[in-house]
Amino acid sequence: YKFDALGNIIFCEVFDAEGKPAYQVDGASKWMATYDSKSNWIMCRYFDCMGEPIVLPSGVSEWRAEYDQLGNMVKQSYYDLKGRPTLQNVGFSIAAFKYDSRGNCIGCEHRDTHNQLCNIHKGYAIWESRFDERGNEIEFWVLDKNRKPCMHADGFHRWVKEYDNVGNCIATRYYDT
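Residues numbered from 1 in each chain as written. Predicted model: local features only at pLDDT ≥ 70, side-chain atom pairs only at ≥ 80, totals over all residues. Heavy atoms only, no water.

S.K.: So what's going on with the overall build of the protein chain? Residues and values would help.
M.R.: If you tally the helices and strands in the protein chain, you get zero helices and twelve strands. The principal-axis extent of the C-alpha atoms belonging to the protein chain is close to 50 × 35 × 35 Å. Across the 177 residues that make up the protein chain, the buried fraction comes to 41%. When contacts within the protein chain are restricted to residue pairs at least 6 apart in sequence, those whose partners lie at least 24 apart make up 25%. When the accessible area of the protein chain is evaluated, it comes to approximately 10,300 Å², of which 50% is carbon and sulfur surface. Across the protein chain, the mean location of the 21 positive side-chain charges is 4 Å away from that of the 25 negative side-chain charges. (Helix = DSSP H or I, 4+ residues; strand = E, 2+ residues; numbered from the N terminus. Buried < 20%, exposed > 50% of the residue type's maximum accessible area, 1.4 Å probe, protein only. Contact = heavy atoms within 4.5 Å. Areas by Shrake-Rupley, 256 points an atom, 1.4 Å probe, with all protein chains shown as cover. Lys, Arg positive; Asp, Glu negative; His and termini not counted. Charge placed at Lys NZ, Arg CZ, Asp CG, Glu CD.)

S.K.: Can you lay out unusual backbone geometry for me, pointing to particular residues and giving the numbers?
M.R.: Of note in the backbone geometry, Asn 115 takes a positive phi value of approximately 65° without being a glycine. For Asn 115, the position within the fold is in the loop between strand S8 (105-111) and strand S9 (126-131). Taking relative accessible area as the criterion, Asn 115 reaches 40% and is therefore assigned partly exposed.

S.K.: Which residues make up the sheet that holds strand S1 (residues 2-3), and what values do they have?
M.R.: Reading across the sheet, the twelve strands line up as S1-S2-S3-S4-S5-S6-S7-S8-S9-S10-S11-S12 and stay open at both edges, with antiparallel pairing between neighbours. The two strands at the open ends of the sheet, each matched to only one other strand, are S1 and strand S12 (169-175). Where S9 and strand S10 (residues 137-143) come together, six bridges link them in antiparallel fashion. Bridge assignment links Ile 126 to a residue of S10, and that residue is Leu 143. (Pairing = 2+ DSSP bridges.)

Listed below in C-alpha coordinates is the structure:
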(Lines give C-alpha, C1' and ligand atoms only; values in the text may rest on other atoms or scores of the structure.)
Protein backbone atom coordinates (compact mmCIF):
# COMPACT_ATOMS: atom_id res chain seq x y z
CA TYR A 1 0.00 0.00 0.00
CA LYS A 2 0.92 3.65 -0.47
CA PHE A 3 -0.78 6.40 1.52
CA ASP A 4 -1.31 10.14 1.13
CA ALA A 5 -0.44 12.67 3.86
CA LEU A 6 -3.84 12.08 5.51
CA GLY A 7 -3.43 8.30 5.70
CA ASN A 8 -5.73 7.44 2.80
CA ILE A 9 -4.71 4.48 0.65
CA ILE A 10 -3.83 5.90 -2.76
CA PHE A 11 -2.21 2.83 -4.33
CA CYS A 12 -2.54 -0.90 -3.79
CA GLU A 13 -0.55 -3.62 -5.52
CA VAL A 14 -1.11 -7.36 -5.04
CA PHE A 15 1.68 -9.96 -4.88
CA ASP A 16 1.63 -13.73 -4.51
CA ALA A 17 3.54 -15.69 -1.85
CA GLU A 18 6.69 -15.58 -4.00
CA GLY A 19 6.56 -11.81 -4.38
CA LYS A 20 5.35 -11.86 -7.97
CA PRO A 21 2.52 -9.56 -9.14
CA ALA A 22 -0.85 -11.26 -8.74
CA TYR A 23 -4.54 -10.50 -9.23
CA GLN A 24 -7.27 -9.82 -6.69
CA VAL A 25 -10.61 -11.61 -6.83
CA ASP A 26 -12.11 -8.64 -8.72
CA GLY A 27 -9.55 -9.07 -11.53
CA ALA A 28 -7.18 -6.19 -10.74
CA SER A 29 -3.53 -6.43 -9.80
CA LYS A 30 -3.25 -2.77 -8.83
CA TRP A 31 -5.57 0.09 -8.10
CA MET A 32 -5.08 3.81 -7.64
CA ALA A 33 -7.37 6.03 -5.59
CA THR A 34 -8.03 9.77 -5.40
CA TYR A 35 -9.63 11.58 -2.44
CA ASP A 36 -11.16 15.02 -2.02
CA SER A 37 -10.11 17.53 0.67
CA LYS A 38 -12.44 15.82 3.18
CA SER A 39 -10.85 12.38 2.57
CA ASN A 40 -13.86 11.12 0.63
CA TRP A 41 -12.80 8.46 -1.88
CA ILE A 42 -13.78 10.09 -5.19
CA MET A 43 -12.07 7.93 -7.84
CA CYS A 44 -10.56 4.49 -8.32
CA ARG A 45 -8.76 3.13 -11.40
CA TYR A 46 -7.75 -0.48 -11.97
CA PHE A 47 -4.60 -1.90 -13.57
CA ASP A 48 -3.09 -5.23 -14.64
CA CYS A 49 0.25 -6.67 -13.44
CA MET A 50 2.13 -4.57 -16.00
CA GLY A 51 0.51 -1.34 -14.80
CA GLU A 52 -1.77 -1.01 -17.83
CA PRO A 53 -5.39 0.09 -17.29
CA ILE A 54 -7.81 -2.84 -17.45
CA VAL A 55 -11.51 -3.58 -17.57
CA LEU A 56 -12.58 -5.73 -14.62
CA PRO A 57 -14.90 -8.72 -15.13
CA SER A 58 -17.63 -6.39 -13.80
CA GLY A 59 -17.20 -4.29 -16.97
CA VAL A 60 -15.58 -1.34 -15.18
CA SER A 61 -12.17 0.28 -15.52
CA GLU A 62 -12.78 3.22 -13.19
CA TRP A 63 -15.39 4.58 -10.80
CA ARG A 64 -15.99 8.09 -9.52
CA ALA A 65 -18.05 9.26 -6.55
CA GLU A 66 -19.70 12.46 -5.36
CA TYR A 67 -20.59 13.35 -1.77
CA ASP A 68 -22.92 15.77 -0.03
CA GLN A 69 -21.81 18.30 2.60
CA LEU A 70 -22.23 15.65 5.33
CA GLY A 71 -19.89 13.19 3.63
CA ASN A 72 -22.61 10.85 2.35
CA MET A 73 -21.93 9.34 -1.07
CA VAL A 74 -24.73 10.64 -3.28
CA LYS A 75 -23.52 9.31 -6.64
CA GLN A 76 -21.20 6.60 -7.91
CA SER A 77 -20.55 6.34 -11.64
CA TYR A 78 -18.69 3.72 -13.66
CA TYR A 79 -16.41 4.22 -16.68
CA ASP A 80 -14.58 2.28 -19.40
CA LEU A 81 -10.91 2.50 -20.42
CA LYS A 82 -11.53 5.70 -22.41
CA GLY A 83 -13.30 7.44 -19.52
CA ARG A 84 -16.77 7.02 -21.05
CA PRO A 85 -19.76 5.97 -18.93
CA THR A 86 -20.20 2.19 -19.03
CA LEU A 87 -22.68 -0.35 -17.70
CA GLN A 88 -21.51 -2.71 -15.01
CA ASN A 89 -22.34 -6.34 -15.69
CA VAL A 90 -25.20 -5.99 -13.17
CA GLY A 91 -26.91 -3.50 -15.48
CA PHE A 92 -26.26 0.10 -14.42
CA SER A 93 -23.75 2.92 -14.90
CA ILE A 94 -24.81 5.29 -12.12
CA ALA A 95 -26.07 4.71 -8.60
CA ALA A 96 -27.64 7.82 -7.03
CA PHE A 97 -28.26 7.64 -3.27
CA LYS A 98 -30.51 9.66 -0.97
CA TYR A 99 -30.42 10.04 2.81
CA ASP A 100 -32.77 11.02 5.61
CA SER A 101 -32.01 13.79 8.11
CA ARG A 102 -30.19 11.29 10.37
CA GLY A 103 -27.83 10.14 7.61
CA ASN A 104 -29.51 6.80 6.91
CA CYS A 105 -29.37 5.80 3.24
CA ILE A 106 -33.06 5.63 2.30
CA GLY A 107 -32.87 5.02 -1.43
CA CYS A 108 -30.90 4.34 -4.55
CA GLU A 109 -31.75 4.94 -8.18
CA HIS A 110 -29.89 2.96 -10.85
CA ARG A 111 -29.27 4.72 -14.15
CA ASP A 112 -27.81 3.80 -17.54
CA THR A 113 -25.06 5.56 -19.51
CA HIS A 114 -27.61 8.19 -20.63
CA ASN A 115 -28.69 8.90 -17.03
CA GLN A 116 -32.06 7.17 -17.58
CA LEU A 117 -33.54 4.90 -14.92
CA CYS A 118 -32.81 1.26 -15.75
CA ASN A 119 -33.71 -2.07 -14.22
CA ILE A 120 -30.69 -3.94 -12.90
CA HIS A 121 -30.08 -7.70 -12.86
CA LYS A 122 -32.13 -8.03 -9.66
CA GLY A 123 -35.25 -6.79 -11.52
CA TYR A 124 -35.61 -3.26 -10.16
CA ALA A 125 -34.32 0.26 -10.84
CA ILE A 126 -34.97 1.86 -7.46
CA TRP A 127 -34.85 0.69 -3.89
CA GLU A 128 -36.16 2.72 -0.98
CA SER A 129 -36.27 2.15 2.75
CA ARG A 130 -37.42 3.62 6.06
CA PHE A 131 -35.75 3.67 9.46
CA ASP A 132 -37.20 4.00 12.94
CA GLU A 133 -36.07 6.58 15.51
CA ARG A 134 -33.35 4.18 16.75
CA GLY A 135 -31.78 3.82 13.31
CA ASN A 136 -33.18 0.35 12.59
CA GLU A 137 -34.17 -0.25 8.98
CA ILE A 138 -37.85 -1.16 9.24
CA GLU A 139 -39.03 -1.27 5.62
CA PHE A 140 -37.47 -1.84 2.20
CA TRP A 141 -39.15 -1.93 -1.22
CA VAL A 142 -38.27 -1.89 -4.93
CA LEU A 143 -39.64 -0.08 -7.98
CA ASP A 144 -39.03 -0.57 -11.69
CA LYS A 145 -37.69 2.02 -14.16
CA ASN A 146 -41.24 3.41 -14.53
CA ARG A 147 -41.37 3.94 -10.75
CA LYS A 148 -43.98 1.18 -10.38
CA PRO A 149 -43.88 -1.57 -7.75
CA CYS A 150 -42.06 -4.67 -9.01
CA MET A 151 -40.58 -7.91 -7.75
CA HIS A 152 -36.99 -8.25 -6.53
CA ALA A 153 -35.15 -11.23 -8.05
CA ASP A 154 -35.12 -12.73 -4.53
CA GLY A 155 -38.90 -13.14 -4.71
CA PHE A 156 -40.38 -10.14 -2.89
CA HIS A 157 -41.47 -6.56 -3.56
CA ARG A 158 -41.16 -5.30 0.01
CA TRP A 159 -40.11 -6.42 3.44
CA VAL A 160 -40.96 -5.10 6.90
CA LYS A 161 -38.88 -5.77 10.02
CA GLU A 162 -39.83 -5.68 13.68
CA TYR A 163 -37.39 -5.04 16.53
CA ASP A 164 -37.53 -5.70 20.25
CA ASN A 165 -36.90 -2.97 22.85
CA VAL A 166 -33.10 -3.42 22.67
CA GLY A 167 -32.89 -3.28 18.87
CA ASN A 168 -32.75 -6.97 17.92
CA CYS A 169 -34.62 -7.86 14.76
CA ILE A 170 -37.31 -10.31 15.84
CA ALA A 171 -39.31 -10.69 12.61
CA THR A 172 -39.09 -10.02 8.88
CA ARG A 173 -42.19 -10.23 6.73
CA TYR A 174 -41.96 -10.38 2.94
CA TYR A 175 -44.67 -9.11 0.57
CA ASP A 176 -45.27 -9.29 -3.15
CA THR A 177 -46.75 -6.53 -5.29
